[in-house]
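Commentary on secondary and tertiary structure
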Amino acid sequence: MKLFIDTGSVAEVEEIAAWGVLSGATTNPTLLAKEPGDPAEIIARICELVDGPVSAEVVSDETEGMVTEGRALAGLHRHVVVKVPFSEAGLAATRELASDGIRVNMTLVFSAAQALLAAEAGATYVSCFMGRLDDIAVDAGAVLEEIVEALGPDREAQVLAASLRHPMHAVTAARLGCEVATAPGKVLRAMLAHPLTDQGIERFAADWRSRPEFGEWLQGLVAQGAATAGTR
Ligand code: G3P
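First, a word on what this report is: a plain description of the structure on this page. (Residues numbered from 1 in each chain as written. Predicted model: local features only at pLDDT ≥ 70, side-chain atom pairs only at ≥ 80, totals over all residues. Heavy atoms only, no water.)

**Here's the deal with the sheet that holds strand E7 (residues 158-162)**
Spatially, E1-E2-E3-E4-E5-E6-E7-E8 is the arrangement adopted by the eight strands of the closed barrel, whose pairing is parallel. Across the sheet, the mean angle from the axis of one strand to that of its neighbour is 25°, orientation sign disregarded. Pairing analysis gives four bridges linking strand E1 (residues 2-6) to strand E2 (residues 22-26), with the strands arranged parallel. Within the sheet, the bridge partner assigned to Asp-6 lies in E2 and is Thr-26. Where helix H3 (residues 39-50) meets the sheet, its contacts fall on E2, strand E3 (54-57) and strand E4 (80-85), and the angle it forms with E2 comes to roughly 165°. (Pairing = 2+ DSSP bridges. Helix = DSSP H or I, 4+ residues; strand = E, 2+ residues; numbered from the N terminus. Axes fitted to C-alpha atoms, helices over the stretch in contact; angles between N-to-C directions. Contact = heavy atoms within 4.5 Å.)

Structure below.
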């Protein structure tokens, strides 16, 4: 499963792209509205940083407006994927944008029935919002499982788990066979954390320090490697 970052913050993308785990990003009007600066520049910079698909969302509520906005957004950068909210108008816009060769991320999908329609309209990504389902006491894992099963193993549309609130949402999405999960920086940072990892690193460092001659040996080895690389 690919991991995307769900944010409008260039600084956050810079920080987490440096880990080497991001394949793309998703934004939405709410996330971009929190950021100072020009949205076009933000989207283009995020495209460069993740070097992969970056969703940018249309805001019109009728087909023609969605298509016009979608074409304009797609023109910002070759990595832009047009995010279109689920609706009758959104389905028609998806069909038209997909016919132009523009990739669409159909968002706000909350059921397998909606996912089937989004896939048929030609969406490249079908985004199911896990956190918002859990918020209303609907089992997000069960809905996602239905979507994955309904679209089948040979699906062309990729199932994108969105609205992740904690690391277990990402694990559930991966176990169910979703192609992508998009997570906010907070959730990606939480995925790093484990107390046994911290304890283990401390223990290794302390044990190594107990043998100072080992430290000298490693420094020598590093210097030797650097010298050899210099003569190449
Ligand atoms: O980008 C769409 C989605 O991930 C939003 O999540 O936390 O606003 O429900 P949230």
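**Description of helix H10 (residues 185-192)**
Note: α-helices contain 3.6 residues per turn, so residues at a spacing of three or four share the same orientation. Among all positions of H10, only Gly-185, Val-187 and Leu-188 are buried. Seen end-on, H10 carries its buried residues on one side only, within an arc spanning 165°. Among the structural elements, E1, helix H1 (10-17), E2, helix H9 (167-176) and strand E8 (180-183) are those in contact with the buried residues of H10. (Buried < 20%, exposed > 50% of the residue type's maximum accessible area, 1.4 Å probe, protein only. Arc of directions from axis to C-beta.)

**Points about the site of the ligand**
Around the ligand, the structure places Asp-6, Asn-28, Lys-83, Phe-129, Arg-132, Ala-162, Ser-163 and Arg-165. Within the contact set of the ligand, an oxygen atom lies 3.1 Å away from a side-chain nitrogen or oxygen of Lys-83. The side chain of Ser-163 places a nitrogen or oxygen atom 2.7 Å from an oxygen atom of the ligand. Compared with its free state, where it exposes 310 Å², the ligand has 82% of that area covered by protein. Judged by its atoms lying within 2 Å of the grid points, the ligand is housed in the largest pocket. Across the shell around the ligand, the residue classes tally to two nonpolar, two polar and four charged. (Near = heavy atom within 4 Å. Polar contact = N/O pair within 3.5 Å; in protein donor to acceptor, adjacent residues only side chain to side chain. Areas by Shrake-Rupley, 256 points an atom, 1.4 Å probe, with all protein chains shown as cover. 1 Å grid on protein atoms, 1.4 Å probe; cavity = no way out; pocket = protein on both sides within 12 Å on 5 of 7 lines; lining within 4 Å. Sits in = over half its atoms within 2 Å of the grid points. Nonpolar A, V, L, I, M, F, W, Y, C, P; charged D, E, K, R; others polar.)

Honestly, it's all geometry; don't read function into it.
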